[in-house]
Amino acid sequence: MKLEIVLITGMSGSGKSVALHALEDAGYYCVDNLPPELLLSFVKLEQTQGAKKVAIAMDVRSATSLPEVPKHLETLRKHGITFKSLFLDAATDTLVRRYSETRRKHPLSRSDLDQQHALVEAIELERELLADLREQAHVIDTSIIRSSQLQGYVKSLVAAPEAQLTLVFESFAFKRGIPVDADYVFDVRMLPNPHYEVDLRALTGRDAPVAAFLRQSRDVAQMFSHIEQFLSHWLDLLARDHRSYVTVAIGCTGGQHRSVYLVEQLAAAFSKRWVTLKRHRELDARGGVEPPSGGVTVF
């Protein structure tokens, strides 16, 4: 059995420790804050020792050597070593709130500025330093999701079969913001809304009565067809461009009916050719107390 490697990078305060805990639960040997200059030798050591699953977290604490990471990853590819790369992100105001709540200092904060200004400046600098790594990874937006949601997303991504390209469909509510991890966003708020049907209001797009209601609409069918045609046209080119993940976000007002229905239908249609995952941001957040506006709070 060959070595499975998961590389986790991302913004400070975005939930990397939560992701590492999820991978540890999944049987991975986890290393946090590995200096980038040790990546190749560490992987070689783990191969020699017969390791099967390894998760490595890197972040801006190794700022001076971060620019070397893409080169190291290319070296791993040339040696036939495959890996999955995840990047955790969150909106700047969310990160500011999390740091304010925990009273932790950002690793890039300057002492010669007032605390708020220093924090925002540090976050934006971190985005610049991590831009290349973000470009090569699958991005997960943790701005408004629970820790349990993040753990579930990470486990589903690493459990997905190895493929040239993995397609992720995600439903969301516009009233709670557009996911920053989306490569493509489709607005379906103009479609007939089951919310205004008393018998359907409490149901979701995964329930048969809602699906039956939406299937009656020519506009819904046309929207599905247009999205399907668009993706079918471009996915091969994206795969040839060495894209590992493509996230398609479908949004309606509440993220409960229309977007959920279309995500279910699109995932079923594309799973015949591509490795396909699906998420329902608002539905996945249910089952307990509503998460705080800052979402994941564990650093």
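Note: the structure precedes this text.
Keep in mind the model is a prediction, meaning the values are calculated, not measured.

A. Seen up close, a nonpolar patch on the surface. On the surface, a nonpolar cluster with roughly 260 Å² of combined accessible area is contributed by Phe-230, Trp-234 and Leu-237. Position of Leu-237 relative to the elements: it lies in helix α8 (residues 218-240).

B. Summary view of the pattern of salt bridges. For the coordinates displayed, the defined rule picks out 13 salt bridges. The salt bridge partner of Glu-170 is Arg-279, with a shortest N-O separation of 3.9 Å. Of this pair, Glu-170 sits in strand β6 (residues 166-173) while Arg-279 sits in strand β9 (residues 275-280), placing them 109 residues apart in sequence. Classification of Glu-170 as buried rests on a relative accessible area of 3%. The partner of Glu-282 in a salt bridge is Arg-281, and the shortest N-O contact between them spans 2.8 Å. An identical accessibility class is assigned to Glu-282 and Arg-281; each is buried. In this structure, a network of salt bridges that share partners links the residues Asp-89, Glu-124, Arg-127 and Arg-134.

How each quantity is defined
- Residues numbered from 1 in each chain as written.
- Predicted model: local features only at pLDDT ≥ 70, side-chain atom pairs only at ≥ 80, totals over all residues.
- Heavy atoms only, no water.
- Patch = residues over 30% accessible without salt bridge, like charges linked within 9 Å, V, L, I, M, F, W, Y side chains within 5 Å.
- Areas by Shrake-Rupley, 256 points an atom, 1.4 Å probe, with all protein chains shown as cover.
- Salt bridge = Lys/Arg side-chain N within 4 Å of Asp/Glu carboxyl O.
- Helix = DSSP H or I, 4+ residues; strand = E, 2+ residues; numbered from the N terminus.
- Buried < 20%, exposed > 50% of the residue type's maximum accessible area, 1.4 Å probe, protein only.

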